[in-house]
Amino acid sequence: MTTTLITGANKGLGFETARRLIAAGHTVYVGARDAERGRRAADELGARFVRLDVTDDASVEAAAKTLDAAGGLDVLINNAGIETRTEDNGVPVAATVTADQMRATFETNVFGVVRVLHAFLPLLQRSAAPVVVNVSSGLGSLTHLSDPDHPAHFYPGIAYPTSKTAVNMLTVQFAKAFPAMRINSVEPGFTKTDLNGNTGTQTVAEGAEIIVRMAQVAPDGPTGGYFDAKGPLPW
């Protein structure tokens, strides 16, 4: 039985990914910082709940101890993420973004990934087929955002894409450091979730496709890569 932990899994892409992986036979832990919402989601899914706030060391360490005591971990999906939005559902642009906004975004999207990886690496190293999926974004592609012919070029925000480019670098470096693991970044696409004020053009079922696929990658599958549903993406 494959044991999988998904951070930020009480709604949106995390919830749908959990549903799909449970159907595929995984034992799934729904990680959520809000205990009531997390337990409700886990009960609805037939999953297990573990309280996990990726911005809090003690919370992450306690979650790691819980899964260790329960038997370990095979698949880690770093899904929790935020995007700062203005009152009119816009994003802070170059002229208005502040260091505090950048710091808040990085605390969840980047430092949270490192915090969770650091805590769960010992468990993953004991797995026969360890997998890590870092939920990134197409907005993390320097190639696409610098290409005036690509739609992503016109996204004006600063904090969110910068954080996802950093996540991609984490993927590259951790994959090199742990060659026995399959560690990849994925781009779900512009999915309708609370993250973007539900303005996305894809359903969560469509967005979860690549996450679910890479969560089930074989031990001889790709690692250190960046993928969407159609295949590899340029950094």
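The shown structure was predicted, so the numbers you read here are calculated from the model rather than taken from an experiment.

**As for helix 2 (residues 35–45)**
When we look at burial in helix 2, the residues that qualify are G38, A41, A42 and L45. Here the buried residues of helix 2 occupy an arc of 100° about the axis, which is enough to place them on one side. Of the residues in helix 2, the exposed ones pointing more than 90 degrees away from the buried face are E36, D43 and E44. A side-chain oxygen of the first residue of helix 2 lies 3.1 Å from the backbone nitrogen of E36; this N-cap is D34. Count one or two residues on from helix 2 and you reach G46, which has phi positive near 80°.

**Points about the pairing of strand 3 (residues 48–51)**
Looking down a regular strand, the side chains alternate between one sheet face and the other. As defined by bridge partners, strand 2 (residues 27–32) adjoins strand 3 across four bridges and the pair is classed as parallel. Bridge assignment links Y29 to a residue of strand 3, and that residue is R48. In this fold, the crossover linking strand 2 to strand 3 by way of helix 2 has right-handed handedness.

**Side note on helix 7 (residues 159–177)**
For helix 7, built from 19 residues, the straight-helix expectation of 27 Å at 1.5 Å per residue is met to within 8% by its first-to-last C-alpha distance of 27 Å. Among the residues of helix 7, A159, Y160, P161, S163, K164, V167, N168, L170, T171, F174 and A175 are the ones counted as buried. Against the buried residues of helix 7 lie helix 4 (99–109), helix 5 (111–125), strand 5 (131–135), helix 6 (142–145), strand 6 (182–186) and strand 7 (226–228).

Calculation rules
- Residues numbered from 1 in each chain as written.
- Predicted model: local features only at pLDDT ≥ 70, side-chain atom pairs only at ≥ 80, totals over all residues.
- Heavy atoms only, no water.
- Buried < 20%, exposed > 50% of the residue type's maximum accessible area, 1.4 Å probe, protein only.
- Helix = DSSP H or I, 4+ residues; strand = E, 2+ residues; numbered from the N terminus.
- Arc of directions from axis to C-beta.
- Polar contact = N/O pair within 3.5 Å; in protein donor to acceptor, adjacent residues only side chain to side chain.
- Pairing = 2+ DSSP bridges.
- Right-handed = clockwise from strand over helix to strand, strands pointing away.
- Expected span 1.5 Å × (residues − 1).
- Contact = heavy atoms within 4.5 Å.

Spatial relationships are all this shows, so hold off on functional conclusions.
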